[in-house]
Amino acid sequence: MSQANRTRDEALDRLRRPLFLTRTGMLAERLTRAFWPLWSVLFLALAALMLGLQDVVPLELAWGIAVVCVSAALWACVRGVRQFHFPSRAEALDRLDRTLAGRPITALADTQAIGATDDASQAVWRAHLVRMADRVAGAKAARPDLRISARDPFALRYAALLALLVAVLFGSVWRVASVSEMAPGQGQLTASGPSWEGWIEPPAYTGKPSLYLNDINQEGFSVPEGSKLTLRLYGTPGALTVAETVSGRTGDVASASDPSQEFTITQDGSLEIMGAVGAEWDISMTPDEPPRIALAGEAERSAGGEFKLPFAAGDDYGVVAAQAMITLDMASVDRRFGLLADPDPRDDIVLDLPMPISGDRRDFTETIVENLAQHPWAGLPVLISLSAQDALDQNGTAPAQQIILEGRRFFDPLARAVVEQRRDILWSRSNGARAAQVLRAVTHKPEGFVKNEAAYLQLRVAIRRLEAAVAGGLTPELQDEVAQALWDIAVLLEDGKLADALERLRQAQERLAEAMRQGANQDEIAELMQELRDATDDYIRQLAEQNQQDPDQQTAENQDSQEITGDQIQQMMDKIQELMEEGRMAEAQQLLDELNRMMENLQVTQGQQGQGQQSPGQQAMNGLQDTLREQQGLSDEAFQDLQQQFNPEQGDQQGQDGQQGEAPQGQGQGEGQQGSDQGQGQGQSQSQSLADRQQALRNELNRQERGMPGAGTPEGDAARDALGRAGRAMDQAEGALRDNRMADALDSQSEAMEALREGMRSLGEALAQQQQQQQGQQGEAVGRADPNGRRDPLGRDSGANGQVGSDEQLLQGEDVYRRARDLLDEIRRRSSEQDRPAIELDYLKRLLDRF
């Protein structure tokens, strides 16, 4: 048995550390369960003291809270002592033993009950003890269970801990010492006699520092308006009192001997602390002036129609916000035409003015930039008033001034008419019928007047939409919808891309001439001049892209022609812009007319040179243009038939009057019915005729599609796809015409025309790509087919009369300007590569500076 005892003792010796840790954990566990109410009460009381609760509540309430806290702490302490008992070694062994499999610690403490005299039985028992000792050797301390959620279901302990953390972050431990002042005659300050301290805090927006009154020895000083004065009186109550006239307080005022006093300085006055250690000051208040704001210039309009108006604002401590209110000046409105009706009620325009993001807001100048071009008041006289606000909520206003609410200017006559009718519709919904009549009158005969077919179709749809809305009652929603559609149409008429570069050039010249007549500003002049330059470049580029004629014929024509370079054209346009900016409009108009005549001569030259044989690509392009024109004519006739369907009384009445004039009285009704039937028959016959013409046009498009050049290229495939969509739309239009569904036929015809335009654009890109490839191949062929050396290495003819070089221009290709852009882009790319030699980079830089 001595060996069994040794095994038991050795195993228990290994349990010292796990046993100690387990016992310690049990101690913490029992302390937590017994005393959690105590430390919760202590945490709450300490948090209240650190946050200064005793300094802000009345003394009686502070004492009441203290009594409650002490009573709760005593109750928690007594409860904890009664519930707590120190864990014994046996309890720790039992806790540790229960964490092990088979309870090995209990097994080691057991003794052999039977077979103690049997050697075999003893051997089995020793082996059992050895196995239990091995398990004990691997024992680890039992983890304590510190969870007390069942004892604290409302988590009061966490609330107390959170209050303490808040006090640590935002309170101060030193404020706990002020609890000694709750007992009269106690504390360090009381022992040394009465004392005081005070400070003045100016408003944060002033940026002024706080003033500590104990350090101010002068008799008077000034502080900003709204400063907060705080005083603390220490010592025996009544030993120190406060007398002041700076707060202007009346009515129920606190006692002058209160230990804690706070008030705001609102006027000049005096402050006196009366007592043994008193002081006195004369305080003058610096008033906070209201902000100031005013217009700083005239209203302007940018090229894009943005409204610009400079203003200046300031405040002694900085402006916080500013607004502009725009009101219609009814007394100054020219009440004619569409403005004669009473306007619909509309809210004033309120704009938040821009403020400096960084920098000083005490005095600054900014500019109002708003796009009000689509507002109904654009172009009308308005009253604008500005207001500014400071941090003290004081408002400063500027007197209302009359200005013209600038908006976008339209130089195209039709676009200007559409915008004017849009304004009338927005002015009053009662103008809807009049606006529809005016728009129909303007677009009655669009041939030669409306140059943008897409805009014309959209305008007709908008007119029909407006008429339907007027017939059913023009609601504010429909009013805004029609106004937006008319605005988009006007912009399309003004800025829409024209397929013909010459037409675009003429339009740019007309817009520039109209701008000179209307006295446009410099921004608009610069924009229109840039538009004229772009249109001129496009027109010259198209002239350069025409097929080359027979060299002998071209030489004969060039002998009597007068040449002009692109630089000379640019110089003329620069001179026109310079004259316009100087206000010399007559001279600028004369030079513009000269430029027009010059471009017309270029057009004549192009027409003469275009009489030669056309390439397949040009023939395909001309065929598509004819198809587009015929489709437009069909759409116009279909629209006229649609108008007759909606207003059939006129035609029927004429037929009935003509028949009733010769018929007897009893036959008038029958013949009138016969005339109506004849009108319907004529309408159906007209629809069938349009359908047959639509089918013929579809067949012609199929023929053109089969002979379309550019097969195998992305541009050619895109052109074929667009023509396929145009053909399908034509089929739908044909079916609608045969069923006498004119509205559906118009929609399908519009889709067909849009697809035709897209196909023409893709075909033009394919032809340009094909011509560029042909030029490269022709250059290589010329280089190889000159065995006599009559051409230079660039493929040009040698100079005449023994000259070195060539009499021809360096670039003989058709796309001269595109090649020039490519060369300039390549120079820029190489100049950006910093690893190139310095001498090469310097050369490239000089090239960029030159060109």
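The model shown is predicted, which means the values in this text are computed figures rather than measured ones.

On to the packing of aromatic side chains, then. Enumeration over the complete set of coordinates arrives at 6 aromatic pairs. When the centroid spacing of 5.9 Å and the interplanar angle of 70° are considered together, the rings of Tyr-205 and Tyr-317 count as edge-to-face. A residue pair is termed long-range when its members are at least 10 positions apart, and Tyr-205 in the loop between strand S1 (195-201) and strand S2 (211-212) and Tyr-317 in the loop between strand S11 (307-314) and strand S12 (319-328) qualify at 112 residues. What makes Tyr-205 partly exposed here is its relative accessible area of 26%. For the ring pair Phe-311 and Phe-364, a centre distance of 6.4 Å and an interplane angle of 85° mean the geometry is edge-to-face. Residue Phe-311 is located in strand S11, and its partner Phe-364 is located in strand S14 (residues 363-370); the two are separated by 53 residues in the primary sequence.

Turning our attention to the sheet that holds strand S8 (residues 279-286). Pairing in this open sheet of 4 strands is mixed, and the strands run S3-S8-S7-S5 from one edge to the other. Only two strands of the sheet have a single neighbouring strand rather than two, namely strand S3 (220-224) and strand S5 (241-244). If you compare each strand with its neighbour and ignore which way they point, the axes differ by 25° on average. Alignment of S5 against strand S7 (residues 269-274), held across 4 bridges, turns out to be antiparallel. Among the inter-strand pairings, Val-242 is bridged to a residue of S7, identified as Ile-273.

Take helix H22 (residues 714-738) next. For H22, with 25 residues, the first-to-last C-alpha span of 37 Å sits near the 36 Å given by 1.5 Å per residue. In this structure Thr-713 caps H22, since a side-chain oxygen of it lies 3.0 Å from the backbone nitrogen of Gly-716. Following H22 by one or two positions, Asn-740 has its phi on the positive side, about 60°.

Let's shift gears to the confidence of the model for the protein chain. The predicted coordinates of low-pLDDT regions are not to be read in fine detail. Taken over all residues, the pLDDT of the protein chain has a mean of 77, while the share at 70 or more is 79%. This stretch, residues 185-191, has a pLDDT under 50; its non-local contacts, to residues over four places away or in other chains, come to 7 contacts. Across residues 649-682, confidence stays below pLDDT 50; counting only partners more than four residues off in sequence or on other chains, it has 9 contacts.

The next thing to look at is the packing of helix H2 (residues 16-50) against helix H4 (residues 59-83). Two numbers describe how H2 lies on H4: the axes approach to 7 Å, and their chain directions differ by 160°. On the basis of the axis angle, H2 is roughly antiparallel to H4. Handedness of the H2/H4 crossing: left-handed. Contact residues: Arg-33, Ala-34, Phe-35, Trp-36, Pro-37, Leu-38, Val-41 and Ala-45 in H2; Cys-69, Ala-72, Ala-73, Trp-75, Ala-76, Cys-77, Arg-79, Gly-80, Val-81 and Gln-83 in H4. Among the residues making up the contact of H2 with H4, the classes are represented as 14 nonpolar, 2 polar and 2 charged.

Our next topic: a negative patch on the surface. Taken together, the side chains of Glu-298, Glu-300, Asp-523 and Glu-527 present a region of like negative charge at the surface. The exposure class assigned to Asp-523 is partly exposed, which follows from its relative accessible area of 41%.

Definitions and limits used
- Residues numbered from 1 in each chain as written.
- Predicted model: local features only at pLDDT ≥ 70, side-chain atom pairs only at ≥ 80, totals over all residues.
- Heavy atoms only, no water.
- Phe/Tyr/Trp six-rings, centres within 6.5 Å; stacked < 30°, edge-to-face > 60°.
- Helix = DSSP H or I, 4+ residues; strand = E, 2+ residues; numbered from the N terminus.
- Buried < 20%, exposed > 50% of the residue type's maximum accessible area, 1.4 Å probe, protein only.
- Pairing = 2+ DSSP bridges.
- Axes fitted to C-alpha atoms, helices over the stretch in contact; angles between N-to-C directions.
- Expected span 1.5 Å × (residues − 1).
- Polar contact = N/O pair within 3.5 Å; in protein donor to acceptor, adjacent residues only side chain to side chain.
- pLDDT = per-residue confidence, 0-100.
- Contact = heavy atoms within 4.5 Å.
- Parallel < 35°, antiparallel > 145°, perpendicular 65-115°, else oblique.
- Left-handed = near helix turned anticlockwise from the far one by under 90°.
- Nonpolar A, V, L, I, M, F, W, Y, C, P; charged D, E, K, R; others polar.
- Patch = residues over 30% accessible without salt bridge, like charges linked within 9 Å, V, L, I, M, F, W, Y side chains within 5 Å.
- Areas by Shrake-Rupley, 256 points an atom, 1.4 Å probe, with all protein chains shown as cover.
- Salt bridge = Lys/Arg side-chain N within 4 Å of Asp/Glu carboxyl O.
- Lys, Arg positive; Asp, Glu negative; His and termini not counted.
- Charge placed at Lys NZ, Arg CZ, Asp CG, Glu CD.

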